[in-house]
Amino acid sequence: MIKTVCVVGGGMMGRQIALNNAKYGFEVYVTDSNADVCASATAWAEDYLAGRIAKGRMTEEEVAGIKARFHVTTSLEEAAKDADLVIEAIFEDENAKHDIFRKLNAICRKDTLLTTNSSAMVSSIFVPDVENPGRLANLHYFNPALVMELVEVVKGEHTSEETAQALMEFCKASGKHGVLLRKEVEKFIVNRIITAIANEAYWLVENGYCSVEDVDIACKKGAGHKMGPFRSKDLTGIDRNFLMMQAQYDKTGVKPVGYDLFKEKYDQGRFGRKTGHGFYDYE
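Residues numbered from 1 in each chain as written. Predicted model: local features only at pLDDT ≥ 70, side-chain atom pairs only at ≥ 80, totals over all residues. Heavy atoms only, no water.

Student: Just to check I follow, could you spell out the side chain of D234 for this structure?
Tutor: Positionally, D234 belongs in helix α9 (residues 229-236). Nearest to the buried, unbridged D234 among oppositely charged side chains is R231, at 5.7 Å. At a separation of 2.9 Å, a polar atom in the side chain of D234 contacts the main-chain amide nitrogen of F279. Setting aside its immediate chain neighbours within four residues, D234 contacts F271, G272, R273, G278, F279, Y280 and Y282. (Helix = DSSP H or I, 4+ residues; strand = E, 2+ residues; numbered from the N terminus. Buried < 20%, exposed > 50% of the residue type's maximum accessible area, 1.4 Å probe, protein only. Lys, Arg positive; Asp, Glu negative; His and termini not counted. Salt bridge = Lys/Arg side-chain N within 4 Å of Asp/Glu carboxyl O. Polar contact = N/O pair within 3.5 Å; in protein donor to acceptor, adjacent residues only side chain to side chain. Contact = heavy atoms within 4.5 Å.)

Student: I tried to follow the packing of aromatic side chains on my own but got confused; where do I start?
Tutor: Any aromatic ring pair is given by two values, namely how distant the centres are and how the planes are angled relative to each other. Counted by the stated rule, this structure contains twelve aromatic pairs. Ring geometry for W44 versus Y48: centroids 5.8 Å apart, planes at 20°, classification stacked. Within this pair, W44 and its partner Y48 are both found in helix α2 (residues 35-54), separated by four residues, close to a single helical turn. The exposure class of W44 is buried, given its relative accessible area of 18%. Consider the rings of F262 and F279, whose centres lie 5.3 Å apart with planes at 80°: the pair is edge-to-face. Of the two residues, F262 sits in helix α11 (residues 259-267) while F279 sits in the segment after α11, which places them 17 residues apart along the sequence. Of the two residues, F262 and F279, both sit in the buried class. Each member of the aromatic cluster is reached from another via a ring pair, and the members are F242, Y249, Y259, Y266 and F271. If you follow R231 out to its NZ or CZ, it ends over the ring of Y280, 3.8 Å from the centre. (Phe/Tyr/Trp six-rings, centres within 6.5 Å; stacked < 30°, edge-to-face > 60°. Lys NZ or Arg CZ within 6 Å of the ring centre and 35° of its normal.)

Student: It is not clear to me how the pairing of strand β8 (residues 177-181) should be interpreted in this structure. Could you clarify?
Tutor: On any regular strand, side chains alternate: one points to one face of the sheet, the next to the other face. Bridge count between strand β7 (residues 150-154) and β8: five bridges; the pairing is parallel. The residue bridging L150 from the neighbouring strand is H177, located in β8. A crossover links β7 with its parallel partner β8, the connecting element being helix α6 (residues 161-173), and its sense is right-handed. (Pairing = 2+ DSSP bridges. Right-handed = clockwise from strand over helix to strand, strands pointing away.)

Student: Before we go on, may I ask you to explain the nonpolar core in this structure?
Tutor: The nonpolar side chains of soluble globular proteins are, as a tendency, buried together. Ranked by internal contacts, the top residues of the largest apolar core, which has 32 residues, are V5, L85, L139, Y141 and F170. If you tally residues by element for this core, the top one is helix α1 (residues 12-23), at five residues. Aside from chain neighbours lying at most four places away, what touches L139 is L85, I87, T115, T116, N117, V151, E152, V153, L167, F170 and C171. Core analysis: the next-biggest nonpolar cluster, separate from the first, contains 17 residues, V8, A79, F126 and V130 among them. (Core = buried A, V, L, I, M, F, W, Y, C linked by side-chain atoms within 4.5 Å.)

Student: Whenever I open this one, the sheet that holds β8 confuses me. Can you help?
Tutor: Strand-to-strand pairing in sheets goes through backbone hydrogen bonds, with the strands running parallel or antiparallel. Taken in spatial order, the eight strands line up as β3-β2-β1-β4-β5-β6-β7-β8 in an open sheet, and their pairing is mixed. Only two strands of the sheet have a single partner each, and these edge strands are β3 (70-73) and β8. For this sheet the average axis-to-axis angle between neighbouring strands, irrespective of direction, equals 25°. Here strand β4 (residues 85-88) runs beside strand β5 (residues 113-116); their pairing, made up of four bridges, is parallel. What sits directly across from I87, in β5, is T115. Relative to the sheet, α1 contacts β1 (4-8), β2 (27-31), β3, β4 and β6 (136-141), its axis offset from that of β2 by approximately 170°. (Axes fitted to C-alpha atoms, helices over the stretch in contact; angles between N-to-C directions.)

Student: Even after reading the chapter, I still don't get the environment of I53, so can you show me in this structure?
Tutor: In this structure, I53 sits in helix α2. Each C-alpha atom, one on I53 and one on N95, is 41 Å from the other, the two residues being 42 residues apart in sequence. Excluding anything up to four places from it in sequence, I53 contacts M58, T59, E60 and V63.

Student: I would appreciate a short explanation of unusual backbone geometry in the present structure.
Tutor: In terms of backbone geometry, most residues other than glycine have negative phi values and most peptide bonds are trans. Each neighbour pair has its own omega, and for N143 with P144 the value is 0°, a cis peptide bond. Along the chain, P144 falls in the loop between β6 and β7. With phi around 70°, K187 is a residue other than glycine that occupies positive phi space. We classify K187 as partly exposed; its relative accessible area is 24%.

Student: Quick question: what am I supposed to make of the pattern of salt bridges here?
Tutor: Close approach of charged atoms allows side chains of opposite charge to pair. Under the defined criterion, the tally for this structure stands at 14 salt bridges. Between D82 and K81 there is a salt bridge, with the nearest N and O atoms lying 3.0 Å from each other. Using a relative accessible area of 39% as the deciding quantity, one classes K81 as partly exposed. In this structure, R102 and D129 form a salt bridge, with 3.4 Å as the shortest nitrogen-oxygen distance. With R102 in helix α5 (residues 94-107) and D129 in the loop between β5 and β6, this residue pair connects regions lying 27 residues apart in the sequence.

By themselves, these are just geometric observations and shouldn't be taken as functional.
Written out as structure tokens, the structure is:
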């Protein structure tokens, strides 16, 4: 049974995954090697929970319980040594992830479930780093993880049925709706569908058929989407999306649709909402 969760990576995704799990009664440790990121995650959690009280969404007693279960540390060993489940949520760098999984393999119990939140890298990539790879899978959350209900559980050929079912049960216990992919496929369910739509949007703008704003308005007002693809990328992070495009370009030698649009914003430091500027301005 999963009682203690370690989230590796204290960025916005990692800290939200961690706080959500603490909210649902799990003992949670979020860890990042960068002390400034840890301090930021702690301050963010304090502000968020204070806001929940101020808006009447949580009681002081509920918040006190969450705080008691939410731990932030720069020590990977402290965070992971007693974990029943580890969720890796660092930046999308394969070498860095290999390093994390090798370290987790040495630190964790041999039955600890080891997962990656990545939507760009399937867990089979990390099989060589892990003893007993039957416990290894993708556990993909959506941004913002505190709000979005869906989690994709991806079962590779190496992943045991017990691991897949344990992760599906964990999703339910942590207030999420899990969907199970029974074999690995690039980008999983949601991102495959979103990518098909986004690529058409990028092609239209790159070839001068319409503006970023017109595409987003059309998707929202005509197709009933909550937001258009460009505003969505501002939310998830232009930097993150560009680095994924760059990795694809490096691997295949074929420039992805939209590469030049995203590179321009990336080079300008316009990473989206988190920097105040992306395809749109937020300041």
